[in-house]
Amino acid sequence: MSTSTHGLRVRSGSHAWRAVVELLSSMRFAIALLTTVCIASVIGTVVKQHEPSANYVNQFGPFWALLFEKFGLNAVYSAWWFLLILGFLVVSTTLCIVRSTPKILADLKAYKQDIRAQSLNAFHHRAHGQVAGSPAAAAARIGKALAGAGWKVKLQRRDTPAGEGWMVAAKAGAANKLGYLAAHSAIVLICIGGLFDGDLVVRAQTWFNGKSVYRGGGMIADVAPEHRLSMRNPTFRGNLMVAEGTQSSTAILSQSDGVLLQELPFAVELKKFIVEYYSTGMPKLFASDIVIHDRETGAQTPARVEVNHPVRYKGVEIYQSSFDDGGSTVKLRAVPLVPGGQPFEVEGQIGASTELVRGGDTMTLEYTALRVINVENLGGAPADGAVDVRKVDLGAAIDARLGAGNKTATQRELRNVGPSITYRLRDAAGQAREFHNYMLPVDTGDGALAFLLGVRATPAEPFRYLRIPADADDSMDTFVRLYAALRDPALREQAVQRYAQRAVDPQRPELAAQLAASGSKALALFAGGGRAEGQAVPRGGLQAIADFIEANVPEAERARAGEVLVRILNGTLFELVQLAQERAGAKPLDPDAPRTQGFMTQAVLSLSDALLYPAPMAFMLADFRQVQASVFQVARAPGRNIVYLGCLLLIVGVFAMLYVRERRLWVWLTPQGLGAGSEATMALSSNRRTLDVDREFERLGRQLIGAQQEAKQ
C-alpha cells in the first residue's frame, strides 16, 4: 500500500463540500495542524501562563503584553483557537484513519500470489537458481521452510507451456501497517483526552450554562453563584490555598480574563505544613498533613500530600503544588531617616496593610512577604575585593554557565542570613516602592556587620541595598543616634569645637579656629540641607564635598584638599557620635578598637547614601509569628486514562513503524527442461531498503534455491 497525502474522494455533494472533506481527511492538513499545535506548545512553555497583566507589561513591554492578551498567548492551552485546532486535528486524523484502514486491512489479507512470473525480474532483489525435485515438491519444501521462519505462506498451482508451475507467496512484518493505525489512533486519543481535561468543558459552561468569569476581588464567600461551578462538574483543574489551622472547599480556576470558583465535594483542612531545605536554601521536601472533611457524610479522613504523591478522594486528585504565607503576623520598628522623625512600632499581617499619617501626608504600608530563611552565597569575591572590569576571561565565562555538573574553582560560601521582611510604601497618588530589609546584621565579606535595607521602584528591577553598620550590640541604634545628631546644628558645632581642641596644640589657638572653621564647613556640606522642593537627589554627603572642592579648589590641589577634608570629616563625625552616645546615656565608642574603626568607615558611607533613601523611614523586623499555607492543585481528569492509552498506542505504533520491516517474498518454480529438478526465480520487496534487507535476501536465496542475489541494472 502506498501512502498518499490526498484525502477522501467524495463522489456526492457540491464541489465545495467535496473539497472540504478532501482537505480535512488529507495527511497534509493533519501535519499542518500538528505543526501548529507544536509551535503553540513551545509558546506556552516559554511564556509563563496565567500571569497577571502587569507581569507581562514589565517583562515584555506594553505592545507585546497587549498582543499576548489579544491572541491568548498568556493562556495558550485554554485559548479558543488552540481548542479549535485540537478539534480539527481530531477530525482530520480520524478521517485519515477511516480513509486508510480499509486499504490496510485488505493489504494485510492479501498474499499477492497472482503476480506475473515475468514481473519478478523487475524487482531490485531477485535471484535465479535450480532446486531438486518437481515444482510441487520444491514448493512444499520452500513453503515449510518459510513458515518455520515466521513467514505466512500461500502456494498457488499454475499451468504453463512447460508443464505444472508453482508460485510460493510469503509475507512478514505486517505489524508495520498496524503501527500506522496505532500511531494515528494515539493522536486522536491524546487530543480527545486533552480536550476533556482542558478548559473546553469549563468554557462550554460559560457559553451555554449561564456561568461567567469573575473579574473582581474580595472574599470567596461573597462571590455570586453565577461565577461558581457545580460539584458535579465532570472535569476541572484548579488551585486551593489552605493556611495552617484552617480549611477550604473552593478551588480557583484561572482563566485568561479572570477566575471561576469550583465547589469541591469535600473540604481540606491543613493541620501542619512541613518543609525541609537543601544547604542552598532551596526546598528539598514539602508535604502537608491534612484532614479531608466529606461535605455529604461529614466523615474525616487524615492524609499526607507530598510532591509526586497525590491523594485521591471521590475522583478528585489532590497534588502538592507549592507553599505560601498563610497570614503571618509581624511587628515592625520604624527607623526615622528625616529630621524630627520619631521611632514607633506597628503590627500587621502579611497580605494586609496599615495606613500611616505623617503631618499632612498619608502613606499605606503594605505587608508583602516574610521570609524566615534566606540562604545567600557570600563567597566568590576576589581576595582583595577588587574587580578588573576590563578583563575578558572567556574560559571563566564559559565555566560560570556550565551548570551544577561542571566543577569550577569558584568558592561558594552559602550562609543563612536570617529572616527578612518585604513591604511596600504607597503614597496618596498610588505610587509605590518596594522594600526588602533583613532582620539581622550580615557580614558581606569584609568582616564588618551591617544591616541591609533594599529598595526598588518596580518588580522588574533588582533590589539596591543601603548598608547600615551594626554597633557592638549588633543593633543600628548607634548609627541612628549619629544620623539624628548630624541633623542637629548645635551638636555639629559642639562636635567641631571638641575635635579642634583635641587635634590642635593649645598654644596655637589661631590654628584651632581655622580647623574649627574647616570642620564646620565640611560637616555642614556633608549634612546637606535635606531634600529641596522638586529636587530628585538631595544635596549633601560625599558628593556635596566633592562638588565643593571642584568648584573652589584648583585642579592641581584637589587631591590634597580632598584628603584633608575627609580626614577632618572623619574626626568631627567621631566626636559627633560620642556626643550622641553621651546624650543617650550609652557607652562611648573605644577609639582604638578595630570594630570602632570599621563602624566609622562604613558609617561615613552609609550617612552619605542615606540621603538618597526614598522614604522618610525604614521598617525593621522586630518580631514575627509565622503561619504557613499550602497550595494544592485539585483536579478531576476523566481524560487521563484516555491519554495514557493514547501514549501506549503511540509507543507501540512508533516502534512498529520504525523497527518492524514489512517484507513480501515470491518464488516461482517451473520444471527443468531435461533434468529432474526445477527452475526457481525468487524476488523480495520491502517497505525500506536497508543493509539488513540485503543480507536477509542473500541468506534466503542460498537456503531456498541455492542462488546468489542479482543486482538490478
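Rules of the game
- Residues numbered from 1 in each chain as written.
- Predicted model: local features only at pLDDT ≥ 70, side-chain atom pairs only at ≥ 80, totals over all residues.
- Heavy atoms only, no water.
- Helix = DSSP H or I, 4+ residues; strand = E, 2+ residues; numbered from the N terminus.
- Rg over C-alpha atoms; globule rule 2.2 N^0.38 Å.
- Contact = heavy atoms within 4.5 Å.
- Areas by Shrake-Rupley, 256 points an atom, 1.4 Å probe, with all protein chains shown as cover.
- Lys, Arg positive; Asp, Glu negative; His and termini not counted.
- Charge placed at Lys NZ, Arg CZ, Asp CG, Glu CD.
- Axes fitted to C-alpha atoms, helices over the stretch in contact; angles between N-to-C directions.
- Parallel < 35°, antiparallel > 145°, perpendicular 65-115°, else oblique.
- Nonpolar A, V, L, I, M, F, W, Y, C, P; charged D, E, K, R; others polar.
- 1 Å grid on protein atoms, 1.4 Å probe; cavity = no way out; pocket = protein on both sides within 12 Å on 5 of 7 lines; lining within 4 Å.
- Points joined across faces, edges and corners; volume = space filled by probe spheres on them.
- pLDDT = per-residue confidence, 0-100.
- Phe/Tyr/Trp six-rings, centres within 6.5 Å; stacked < 30°, edge-to-face > 60°.
- Buried < 20%, exposed > 50% of the residue type's maximum accessible area, 1.4 Å probe, protein only.
- Lys NZ or Arg CZ within 6 Å of the ring centre and 35° of its normal.
- Polar contact = N/O pair within 3.5 Å; in protein donor to acceptor, adjacent residues only side chain to side chain.
- Pairing = 2+ DSSP bridges.
- Salt bridge = Lys/Arg side-chain N within 4 Å of Asp/Glu carboxyl O.
- Core = buried A, V, L, I, M, F, W, Y, C linked by side-chain atoms within 4.5 Å.

(A) Focus on the overall build of the chain. Helix and strand counts for the chain come out as 17 helices and 27 strands. Taking 2.2 N^0.38 as the reference for a compact globule, 713 residues should give roughly 27 Å; the C-alpha atoms of the chain span a radius of gyration of 41 Å, well beyond that estimate. In terms of overall dimensions, the chain has a C-alpha envelope of 145 × 65 × 55 Å along the principal axes. Of the contacts formed within the chain by residues at least 6 apart in sequence, a portion of 64% connects residues at least 24 apart. Accessible surface, the chain: about 38,700 Å² in total, of which carbon and sulfur atoms supply 56%. Here the chain contributes 76 positive and 66 negative side-chain charges, whose respective centroids are spaced 14 Å apart.

(B) The arrangement of the packing of helix 12 (residues 509–527) against helix 14 (residues 558–584) in detail. Remark: helix 12 packs on helix 14, axes separated minimally by 9 Å, with the N-to-C direction vectors making an angle of 85 degrees. Comparing their axes, helix 14 and helix 12 come out roughly perpendicular. Between helix 12 and helix 14, the residues in contact are L515, S518, G519, A522, L523 and F526 and L565, I568, L569, T572 and L573, respectively. Tallied by class, the residues present in the contact of helix 12 with helix 14 amount to eight nonpolar, three polar and no charged.

(C) Region of the structure containing empty space enclosed by the protein. Counting across every chain of the model gives two cavities of 30 Å³ or more. Estimated volume of the second largest cavity: approximately 40 Å³. S53, Y56, A65, F68, E69 and N74 are the residues that line the second largest cavity. Of all the secondary-structure elements, those providing two or more residues to the lining of the second largest cavity are helix 3 (53–60) and helix 4 (62–71). No other element matches helix 4, which puts three residues into the lining of the second largest cavity.

(D) View of the confidence of the model for the chain. In the predicted model, the chain carries a mean pLDDT of 86, and the fraction of residues at 70 or more is 91%. Confidence drops under pLDDT 50 across residues 530–536; counting only partners more than four residues distant or on other chains, this segment forms ten contacts.

(E) Seen up close, the packing of aromatic side chains. Inspection of the entire model under this criterion finds 20 aromatic pairs. Between F273 and F286 the ring centres are 6.4 Å apart and the planes differ by 35 degrees, which places this aromatic pair in the tilted class. You can see F273 sitting in strand 7 (residues 258–277) and its partner F286 sitting in strand 8 (residues 283–294), a full 13 residues away along the chain. With respect to burial, F273 and F286 carry one shared label: buried. With centroids separated by 5.2 Å and ring planes inclined at 40 degrees, the aromatic side chains of F273 and F323 adopt a geometry described as tilted. Here F323 lies in strand 11 (residues 316–325) and F273 lies in strand 7, a separation of 50 residues in the sequence. On the accessibility criterion, F323 (29% relative accessible area) is partly exposed. Put simply, the rings of F344, Y423, F435, Y613 and F619 pair up and form one aromatic cluster. Sitting over the face of the ring of Y111, K171 holds its NZ or CZ atom 4.4 Å from the ring centroid. Over the ring of Y483 we find R487, and its NZ or CZ is 4.5 Å from the ring centre.

(F) Structural view of the layout of surface pockets. Its boundaries defined by the atoms lining it, the largest pocket holds a volume of some 1,600 Å³. M241, D324, D325, G326 and A629 are, among the 49 residues lining the largest pocket, the residues nearest its centre. Looking at the lining of the largest pocket, the elements with two or more residues in it are strand 5 (236–243), strand 6 (247–255), strand 7, strand 11, strand 15 (361–371) and strand 24 (628–636). With six residues, strand 15 is the single largest residue contributor to the lining of the largest pocket. Of the residues that constitute the lining of the largest pocket, the class distribution is 27 nonpolar, 16 polar and six charged.

(G) Up close: the side chain of R126. Within the fold, R126 resides in strand 1 (residues 125–131). By relative accessible area, R126 is classed as buried at 11%. From its side chain, R126 meets the backbone oxygen of F123 in a polar contact 2.9 Å long.

(H) A look at the sheet that holds strand 23 (residues 617–625). The strand order 13-12-23 describes an open sheet built from three strands, whose pairing is antiparallel. Since the sheet does not close on itself, it has two edges, and those belong to strand 13 (344–349) and strand 23, each with one partner. The sheet shows a mean angle of 30 degrees between the axes of neighbouring strands, direction not considered. Direction of pairing for strand 12 (residues 329–336) relative to strand 13: antiparallel, over a ladder of six bridges. In the strand pairing of strand 13, V330 is matched with G348.

(I) Layout of the pattern of salt bridges. Scanning the model with the defined rule gives 29 salt bridges in all. The partner of R583 in a salt bridge is D488, and the shortest N-O contact between them spans 3.7 Å. With R583 in helix 14 and D488 in the loop between helix 10 (477–486) and helix 11 (489–503), the pair connects residues that are 95 residues apart, well separated along the chain. Residue class for D488 comes out partly exposed when judged on its relative accessible area of 21%. The closest approach of N and O atoms between R502 and E575, which form a salt bridge, is 3.4 Å. Taken as a pair, R502 in helix 11 and E575 in helix 14 lie far apart in primary sequence, 73 residues in all. The exposure class assigned to E575 is buried, which follows from its relative accessible area of 5%. The network of salt bridges with shared partners includes D107, K112, K177, E662 and R664.

(J) Just the environment of G646, in detail. Counting through the fold element by element, G646 comes out in helix 16 (residues 640–659). Once the C-alpha coordinates of G646 and V188 are considered, the two residues, 458 residues apart in sequence, prove to be 7.7 Å apart. When sequence neighbours within four positions are dropped, the list of residues in contact with G646 reads A186, L189 and I190.

(K) Structural context of the environment of E696. As for its position among the elements, E696 is in helix 17 (residues 691–704). A residue is classified by how much of its surface remains accessible, and E696, at 9% relative accessible area, is buried. With twelve residues separating them along the chain, E696 and L684 place their C-alpha atoms 9.8 Å apart. Not counting residues up to four positions away in its chain, the partners in contact with E696 are W151, R661 and R663.

(L) Structural context of the nonpolar core. Counting 68 residues, the largest nonpolar core has L332, L365, Y423, L453, L573, Y613 and F619 as its most contacted members. Looking at this core element by element, the count peaks at nine residues for helix 14. Counting 27 residues, the second-largest nonpolar core is a separate cluster that includes Y56, L73, L83 and L89.

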